[in-house]
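So you can see what is in the structure, the chains are spelled out below.
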Amino acid sequence: MPDKVDLKKTLDAYAAKRGELRVLDIPPTRYLMVDGHGDPNASPAFAQAIEALYPVAYKAKFASKKELGRDYVVPPLEGLWTADDPASFTTRRDKSAWDWTLMIMTPDWVDDALVEFAIAAAGAKDAPTRLDDVRLETLAEGRCVQTLHVGSFDDEGPVLARIHDEFIPANGLRMTGRHHEIYLSDFRKVAPERLRTILRQPVEPA
């Protein structure tokens, strides 16, 4: 049996260091996605999105191993975030204004048919509430700035302000696309001060 692939250890997209801002090019990537709105700490839809994504992701993993002979570690949960006022993420932290898309990456060899099978299998018994909202979509971010944040989500504001207001304009860039977070830690189990989160912002030449 071939070795199990851990994409977060092999892809440059998952490489980031605390205190280091770097520019990188992200290739088009396919994700399982579920959309929502509002404070993730208060919105039932947020927890329901997680509860829908993971069963599909694991069904796809098991099908890949069984049918294709290709096993892999299910990648970490990720999120796209946006708001009409970017200050909602930095100085005001108005979580009620946030729109979000929760995501789990799927390897490029996992095709549409296998994902459709995984969704059906996840719904065969005790179907998650938001299973019908799960979709497979390609995200094309292109050039991005990213760094590793260690600590509480509520402490991200100064790091994001540095990215948005200092690093991006200083490098002749401007923001485009949605703020992207990659949760290397399981925030349901890990203490806030120990959370490891990649913060990513798509950019283009100013």
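This text goes with the structure placed above it.
Residues numbered from 1 in each chain as written. Predicted model: local features only at pLDDT ≥ 70, side-chain atom pairs only at ≥ 80, totals over all residues. Heavy atoms only, no water.

Participant: I keep staring at the environment of phenylalanine 153 and nothing clicks. Help me out?
Facilitator: The topology assignment puts phenylalanine 153 in the loop between β6 (142–150) and α4 (157–170). Assessed through its relative accessible area of 24%, phenylalanine 153 is described here as partly exposed. In the structure, phenylalanine 153 is positioned 44 residues away from threonine 197 in sequence and 8.4 Å away in space, judged by C-alpha atoms. (Helix = DSSP H or I, 4+ residues; strand = E, 2+ residues; numbered from the N terminus. Buried < 20%, exposed > 50% of the residue type's maximum accessible area, 1.4 Å probe, protein only.)

Participant: Any chance you could explain the nonpolar core here in plain terms?
Facilitator: A general trend in soluble globular proteins is that nonpolar side chains are found buried together. In terms of nonpolar packing, the biggest core is built from 29 residues, with Leu32, Leu53, Val56, Leu77, Leu102 and Val134 touching the most fellow members. Elements represented by at least two residues in this core include exactly β2 (29–37), α2 (44–68), β3 (77–82), β4 (99–105) and α3 (112–122). At nine residues, α2 tops the list of elements feeding residues into this core. Dropping the residues within four chain positions of it, leucine 32 is found in contact with Leu53, Val56, Ala57, Leu102, Met103, Ile104, Thr106, Val115, Val134, Arg135 and Leu136. Core analysis: the next-biggest nonpolar cluster, separate from the first, contains eleven residues, Leu7, Tyr31, Leu80 and Ile198 among them. (Core = buried A, V, L, I, M, F, W, Y, C linked by side-chain atoms within 4.5 Å. Contact = heavy atoms within 4.5 Å.)

Participant: I keep staring at the side chain of serine 185 and nothing clicks. Help me out?
Facilitator: For serine 185, the location among the structural elements is in the loop between β8 (179–183) and β9 (196–205). A polar contact is formed between the side chain of serine 185 and the backbone nitrogen of arginine 196, at a distance of 2.9 Å. When near neighbours in sequence (up to four residues on either side) are disregarded, serine 185 contacts Val190, Arg194, Leu195 and Arg196. (Polar contact = N/O pair within 3.5 Å; in protein donor to acceptor, adjacent residues only side chain to side chain.)

Participant: So what exactly am I meant to see when it comes to the packing of α2 against α3 here?
Facilitator: Interhelical geometry of α2 versus α3 gives an angle of 125° and a closest axis separation of 8 Å. With respect to α3, the element α2 is oriented oblique. Considering how the two elements wind past one another, α2 and α3 form a crossing that is right-handed. Within the contact between the two elements, α2 uses Pro55, Val56, Lys59, Ala60, Ala63, Ser64 and Leu68 and α3 uses Leu114, Phe117, Ala118, Ile119, Ala121 and Ala122. (Axes fitted to C-alpha atoms, helices over the stretch in contact; angles between N-to-C directions. Parallel < 35°, antiparallel > 145°, perpendicular 65-115°, else oblique. Left-handed = near helix turned anticlockwise from the far one by under 90°.)

Participant: What should I look at first to understand the pattern of salt bridges in this one?
Facilitator: One side chain can pair with another of opposite charge once the charged atoms of both are near each other. Enumeration according to the criterion identifies 14 salt bridges in this entry. Through salt bridges with shared partners, a single ionic network connects Asp6, Lys8 and Lys9. (Salt bridge = Lys/Arg side-chain N within 4 Å of Asp/Glu carboxyl O.)

Participant: Looking at this model, I keep getting lost on the environment of aspartate 112. Mind explaining?
Facilitator: Topologically, aspartate 112 is positioned in helix α3. The exposure class of aspartate 112 is partly exposed, given its relative accessible area of 44%. In sequence terms aspartate 112 and aspartate 25 are 87 residues apart; their C-alpha atoms lie 25 Å from each other. If we skip the residues at most four places from it in the chain, aspartate 112 touches Arg30 and Leu136. A polar contact is formed between the side chain of aspartate 112 and the side chain of arginine 30, at a distance of 3.0 Å.

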